[in-house]
Amino acid sequence: MKKVQQAAHKRENQKRRKLLVFHNLEQMIGFLFFIIIISISVWTINCVKNWLEDPDQMVLSQLTFGGDHAFTTEGDLRQAILGLGLPNTYIGQDVDDIQQEIMRYPWIKQASVRKQWPDRLIVYIEEYKPAFYWNDLYLLDDAGNVFSVPFDRLGQLQLPRIYGPEGKAKSMLETYVKLDAISKKLANNKFASEIKVAIADDRNAWQLMIKQCTADLCSENQEIKLIIGSENIEQHYYQFIKLFPEIFSRMPADEKITAADLRYENGISVQREKISQ
């Protein structure tokens, strides 16, 4: 009898403990449903993670190319990307590495790279804009930055040429701009000059090749070599441009000026020759 009472008491305690967790059947079913939802969510997240990390998924297959560019091609960008040896998946691409590789092209000033879900790489570039040829091997922009472009991509690009010692590009450009400003300031309908070539040596002794223009027409066979020297460069050039119309008016009709030495304090030495018929 005592054993029966103990067993009944034990069953009663177990029933009470169960009731402490689930007050009714609905609560137990709700708890089980919650556990199932959590399990499904964990499984789904794990499947998605494995899918994204699978190199056979999310192939980066589209390239969008934009920006201010005249010399860069899509082939250049693809070559830069493939040269990194990176996986071609969306997840595997490091945009910073791609940007640095694209910036290796010497004519590219800036580049930005970003990914667009699910399979697109967007590249935006800005190139240096050539304003001058530098020593026939390189180019200069208006800020004096030296860069290069494959010459087969330049076509028939006509630019003034500057020649000077290595490392002097910016200082020479500053002087060139001042001389060019003098040309434009003193230009008129009767005479104007256009600087086609500027040369400076290690002592900063300047020579120019200018093109003589009349009424906005510049003759290819009327270029004049100016020897300016290393002192008072702007002053000597200004003096020549100021005096040239008078000098030209005294020239015989069958002669032309081919060179002028401006290194004198109080005058100009002019070299001339007959115009070939």
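Residues numbered from 1 in each chain as written. Predicted model: local features only at pLDDT ≥ 70, side-chain atom pairs only at ≥ 80, totals over all residues. Heavy atoms only, no water.

An unreviewed UniProt entry lists the protein chain under the name Cell division protein FtsQ, from Gilliamella apicola.

## What to know about the packing of helix α5 (residues 169-186) against helix α6 (residues 233-249)
With their axes 10 Å apart at the nearest point, α5 and α6 run at an angle of 25° to one another. Here α6 runs roughly parallel to α5, going by the angle between their axes. Considering how the two elements wind past one another, α5 and α6 form a crossing that is right-handed. Of the residues in α6, those in contact with Thr-175, Lys-178, Leu-179, Ile-182, Ser-183 and Leu-186 of α5 are Ile-233, Glu-234, Tyr-237, Tyr-238, Ile-241 and Lys-242. Considering only residue class, the contact of α5 with α6 consists of 7 nonpolar, 2 polar and 3 charged. (Axes fitted to C-alpha atoms, helices over the stretch in contact; angles between N-to-C directions. Helix = DSSP H or I, 4+ residues; strand = E, 2+ residues; numbered from the N terminus. Parallel < 35°, antiparallel > 145°, perpendicular 65-115°, else oblique. Left-handed = near helix turned anticlockwise from the far one by under 90°. Contact = heavy atoms within 4.5 Å. Nonpolar A, V, L, I, M, F, W, Y, C, P; charged D, E, K, R; others polar.)

## Describing the nonpolar core
Membership of the largest hydrophobic core comes to 31 residues, with the highest contact counts inside it found for Ile-162, Trp-206, Leu-208, Leu-226 and Tyr-237. Of all the secondary structure elements, the ones that give two or more residues to this core are β4 (132-134), α5, β8 (192-200), β9 (206-214), β10 (217-229), α6 and β11 (255-261). Ignoring any residue separated from it by four or fewer positions in sequence, one finds Leu-226 in contact with Trp-206, Gln-207, Leu-208, Ile-210, Tyr-237, Phe-240, Ala-260 and Leu-262. One finds Phe-65, Ile-102, Ala-111 and Tyr-128 within the second-largest nonpolar core, a separate group that totals 23 residues. (Core = buried A, V, L, I, M, F, W, Y, C linked by side-chain atoms within 4.5 Å. Buried < 20%, exposed > 50% of the residue type's maximum accessible area, 1.4 Å probe, protein only.)

## Looking at the packing of aromatic side chains
Counted by the stated rule, this structure contains 5 aromatic pairs. Taking 5.1 Å as the distance between ring centres and 20° as the angle between the ring planes, the aromatic pair formed by Tyr-128 and Phe-147 counts as stacked. Of the two residues, Tyr-128 is situated in the loop between β3 (120-127) and β4 and Phe-147 in strand β6 (residues 146-147); the sequence distance between them amounts to 19 residues. Each member of the pair Tyr-128 and Phe-147 is classed as buried. Residues Phe-240 and Phe-244 carry aromatic rings whose centres are separated by 5.4 Å and whose planes lie at 55° to one another, so their mutual orientation is tilted. Of this pair, Phe-240 and Phe-244 both sit in helix α6, 4 residues apart, roughly one helical turn. A residue is classified by how much of its surface remains accessible, and Phe-240, at 0% relative accessible area, is buried. An aromatic cluster is present here, built from Phe-240, Phe-244 and Phe-248 joined pairwise through their rings. (Phe/Tyr/Trp six-rings, centres within 6.5 Å; stacked < 30°, edge-to-face > 60°.)

## A closer look at the pattern of salt bridges
The tally for this structure, following the rule as stated, stands at 15 salt bridges. Between Glu-101 and Arg-104 there is a salt bridge, with the nearest N and O atoms lying 3.0 Å from each other. Put simply, Lys-274 and Asp-254 hold a salt bridge, and the shortest N to O gap is 2.9 Å. You can see Lys-274 sitting in strand β12 (residues 269-274) and its partner Asp-254 sitting in the loop between α6 and β11, a full 20 residues away along the chain. Owing to a relative accessible area of 53%, Lys-274 belongs among the exposed residues under this scheme. (Salt bridge = Lys/Arg side-chain N within 4 Å of Asp/Glu carboxyl O.)

## With respect to the sheet that holds strand β2 (residues 108-116)
Taking strand neighbours across the sheet as the criterion, the 3 strands line up as β1-β3-β2 in an open arrangement whose pairing is mixed. The open sheet has two edge strands, β1 (62-68) and β2, and neither has a second partner. Recorded for the sheet is a direction-independent mean angle of 15° between the axes of neighbouring strands. (Pairing = 2+ DSSP bridges.)

## Some words on helix α3 (residues 74-83)
Residues of α3 that are buried: Asp-76, Leu-77, Ala-80 and Ile-81. The buried side chains of α3 occupy one side of the element, clustering within an arc of 130° when seen end-on. Exposed residues on α3 whose side chains face more than 90 degrees from its buried face are Gln-79, Leu-82 and Gly-83. Residues of α3 that are buried make contact with β1, α4 (95-102) and β3. (Arc of directions from axis to C-beta.)

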